[in-house]
Amino acid sequence: MEESIQLQVSGLKKKFGAETVLNGIDLDVHKGEVVVVLGPSGCGKSTLLRCMNGLEAPTEGIICLDGAAITSGGKNITKQRQKIGMVFQSYDLFPHKNILDNITLAPVKVQKRAKGEVEQQAEKLLKRVGLWEKRKAYPRELSGGQKQRVAIVRALCMNPEVMLFDEVTAALDPEMVREVLDVMLELAGQGMTMVIVTHEMQFARAIADRILFLDGGGIVEEAPPEQFFTNPKTQRAKDFLQTFTYEKRNKIPSEIESFERRN
Amino acid sequence: MPDSGINVLFLGKNFLRLLEGLWVTMRISLIAVILSIPLGILFGMFMTLKNPITRTLSRVYLEFIRIMPQLVLLFIAYFGVTRAFGWNLSAELSAVLVFTLWGTAEMGDLVRGALISIPKHQYDSAAALGMTKAQTFVFIIVPQTMRRLIPLTINLTTRMIKTTSLVVLIGITEVLKVGKQIIDANRFDYPTAALWVYGVIFALYFLACWPISSLAKKLEQRWR
C-alpha cells in the first residue's frame, strides 16, 4: 500500500505573521482517492490546498508528491505543479485569451507539447464538458458555470496526477453548481486523485472516499462519508453539520399581534 | 474689404508659418512622448518594487514632478540650470527635457497602476499551471497590462501635445507664438484677425490630437 500514496502531508504548519492557520496536518492521499475537506470558513482548508501545490510555503512540515518534496521556492516547483492541477473559486481564466487559447497556453508553452496534439486533447475535453462550441469565445462571454468548467478543462489538459479544487462552486448561482459538480463526479469516476474543498454537503457525501473535517487549523475528524454525515464522532462536527439543517419555527401569537398593531 | 479677418490667413506665407509653428509643437511633444513611454514603463516597474528605498525615491520623483507646474519646471530647466551649472541648454532641448521628465513620471504612474490592477489570482492560476515567473509576466501580465495602458497612454500623449503650448514662455516660436505675431502684424488692417487665426490654431490642434484619440477608442473597443 505504501507506494500507492500519491500526496503526502506530514506535520504541516502554516503561520501568517502571528496567526497560526494550520497547526500540524498529517494526511496521505492515495492514488485514485477522493478526499473532501470540510470545515467552517477560516479553518485553513484553502491554505492547505495552496500549500499542496506550493502557492504557500509551509512554515513547518513537508509535503511530498510521489515521494519528492514540494518546496515552493525550489527549482522543481514548476515541474511538480504540472502534475498538480488546481481550480479556484474565482475561475481565473485569462481574460485576454479565448477559451481554446486559455486551455492550450500552458501545455504548449510550459510543457512544450505540439500545438496540434494539445488542441486535439482540448477538443476532446471541451466536448466532454459540452463547451466545444464556445472555443472561440472570450471568458467574459461565458456564465460562471461555463467558466468554471473551462477552468477544470484547462487544468486537466496538463495531464495532472492530482487535482485540487478550492471551493469551485462557491461563487456560482445555484442552478450552475450542478453542471460543475457533474464534471467533477465524472472525473472521480475515472479514477482521478482529487482533494476537494467544498460547502456542498450532498456533493461531498456523494463524491468522497474520505471526509476530512478541519477546524482551528487541525484535523478534528477523519471518516468515510456515510459515517461522518450520519454519525459524526466529535461534538464539533455535529455542531458544524447542524448549521446545514433548518427547522421551521412556529410563529409566536403575541408577536403576530404586536406586529399587526404596529402596522 | 478691410475688415474680413479671414484674408489674413492667405497673406504672404502666413498659413505656412502657422504650420511650421505646429511642427515645432509636435516635434517637441512627440520626441518627449517617444522618450517617455519606454522610460515610463521602466519607471512604473521600478515603482512596484517592494524595497522601501526605491519606493521612497520613486515617490519623491513622482510627487516633485506632479506638484511643480510644468511652467516652473521649464523655467528651472531653461533659466535656472544655466545659472547654476553653466550648462547652456537651448530652449527646445530644455523643453524636451522637461516634458520627458514629466511624461516619464506620469507614464510610470499609469504603468504602476495597470500592473497592480492585475488580480493576484491571475498570478496564482498561472503559477498553478506550472508557469515560471518570466512566463507569467510575458504571457499573462504584460498583455493584460498593455490593454489597460493603451487608452491611458494616448490620453497622456494628447495632454502632452497641448501642454507644449507653454514653451512659448521660454522663447520658442511655436504655433501660438506665430499666431500672435500674425495678429500683431495685421492689427490695423484686419482687427478681427484674432478670431480667425486662433480658430485655425484650434483646428490644427484638433487635427493633431483627434486621430490619436480616435485610435485609442478603436483599440479600447477591440480589446475590451
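As a reminder, the structure under discussion sits directly above these lines.
Residues numbered from 1 in each chain as written. Chains lettered and ligands numbered in written order. Predicted model: local features only at pLDDT ≥ 70, side-chain atom pairs only at ≥ 80, totals over all residues. Heavy atoms only, no water.

Caption draft 1: Just the overall build of chain B, in detail. Counting secondary structure elements, chain B contains eight helices and zero strands. The N-to-C order of helical and strand elements in chain B reads α-α-α-α-α-α-α-α. Overall, the C-alpha framework of chain B stretches about 80 × 50 × 20 Å when taken along its three principal axes. Scored against the burial criterion, the 224 residues of chain B give a buried share of 44%. In chain B, 78% of the contacts between residues at least 6 apart in sequence involve partners at least 24 apart. Placing the 22 positive and 11 negative side-chain charges of chain B at their respective mean positions leaves the two points 10 Å apart. (Helix = DSSP H or I, 4+ residues; strand = E, 2+ residues; numbered from the N terminus. Buried < 20%, exposed > 50% of the residue type's maximum accessible area, 1.4 Å probe, protein only. Contact = heavy atoms within 4.5 Å. Lys, Arg positive; Asp, Glu negative; His and termini not counted. Charge placed at Lys NZ, Arg CZ, Asp CG, Glu CD.)

Caption draft 2: Quick peek at the pattern of salt bridges. Considering all chains together, one arrives at 21 salt bridges over all chains under this definition. One salt bridge connects Asp124 of chain B with Arg50 of chain A, and the closest N-O pair in it is separated by 2.9 Å. Remark: Arg50 of chain A occurs in helix α1 (residues 45-52) and Asp124 of chain B occurs in helix α5 (residues 120-128); the pair is interchain, linking two chains. Accessibility classification places Asp124 of chain B together with Arg50 of chain A in one group, the buried group. (Salt bridge = Lys/Arg side-chain N within 4 Å of Asp/Glu carboxyl O.)

Caption draft 3: Representation of the sheet that holds strand β8 (residues 193-197) of chain A. All names here are of chain A. If you trace the six strands from one edge of the open sheet to the other, you get β6-β7-β8-β3-β9-β10, paired in mixed fashion. Sheet topology places β6 (84-87) and β10 (218-223) at the edges, where each strand pairs with a single neighbour. Looking at each pair of strands side by side, their axes are set apart by 20 degrees on average, direction ignored. Bridge count for strand β7 (residues 162-166) against β8 is five bridges, and the pairing is parallel. Note that in β8 the partner of Val162 across the bridge is Thr193. In this fold helix α5 (residues 144-156) packs onto β6 and β7, with an angle of close to 170 degrees to the strand it touches most, β6. Sheet contacts for helix α9 (residues 235-242): β3 (34-38), β9 (210-215) and β10; angle to β9, the most-contacted strand, approximately 95 degrees. (Pairing = 2+ DSSP bridges. Axes fitted to C-alpha atoms, helices over the stretch in contact; angles between N-to-C directions.)

Caption draft 4: Representation of the nonpolar core within the structure. Counting residues in hydrophobic clusters, the biggest one holds 54 residues, and the most contacted among them are Leu38, Met163, Phe165, Met184 and Met194 of chain A. With eight residues, helix α6 (residues 174-189) of chain A is the largest single contributor of residues to this core. Ignoring any residue separated from it by four or fewer positions in sequence, one finds Phe165 of chain A in contact with Leu49, Val87, Ile152, Met184, Leu187, Met194, Val195, Ile196 and Val197 of chain A. With 39 residues, the next largest nonpolar core counts Met47, Leu73, Val96 and Ile170 of chain B among its residues. (Core = buried A, V, L, I, M, F, W, Y, C linked by side-chain atoms within 4.5 Å.)

Caption draft 5: Here's a closer look at the interface of chain A and chain B. Chain A puts 25 residues into the contact, and the matching count from chain B is 19 residues. Interface area for chain A against chain B, summed over the two sides, is near 1800 Å², with a carbon-plus-sulfur share of 62%. Listed by contribution, the elements that provide at least two residues to the side of chain A that touches chain B are α2 (77-81), β6, α3 (99-109) and α5 of chain A. Taken together, the residues of the side of chain A that touches chain B sort by class into twelve nonpolar, five polar and eight charged. (Buried area = accessible area lost by both parts, 1.4 Å probe. Nonpolar A, V, L, I, M, F, W, Y, C, P; charged D, E, K, R; others polar.)

Caption draft 6: Main features of the packing of aromatic side chains. Inspection of every chain in the model, using the stated rule, returns nine aromatic pairs over all chains. Judged by centre distance (5.3 Å) and plane angle (85 degrees), the rings of Phe228 of chain A and Phe229 of chain A are edge-to-face. Neither Phe228 of chain A nor Phe229 of chain A differs from the other in exposure class; each is buried. Measuring from ring centre to ring centre gives 5.1 Å for Phe43 of chain B and Tyr61 of chain B, while their planes differ by 85 degrees; the resulting arrangement is edge-to-face. Here Phe43 of chain B, found in helix α1 (residues 14-47), pairs with Tyr61 of chain B, found in helix α2 (residues 52-67); they are 18 residues apart in sequence, far enough to count as distant. Overall, Phe43 of chain B belongs to the buried group, its relative accessible area being 10%. Among the aromatic residues, those joined into a cluster by ring pairs are Phe213, Phe228, Phe229, Phe240 and Phe244 of chain A. The positively charged end of Arg135 of chain A is found above the aromatic ring belonging to Trp132 of chain A, 4.2 Å away from the centroid. Taking the ring centre of Phe94 of chain A as reference, the NZ or CZ of Arg154 of chain A above it sits at 4.5 Å. (Phe/Tyr/Trp six-rings, centres within 6.5 Å; stacked < 30°, edge-to-face > 60°. Lys NZ or Arg CZ within 6 Å of the ring centre and 35° of its normal.)

By themselves these figures say nothing about function.
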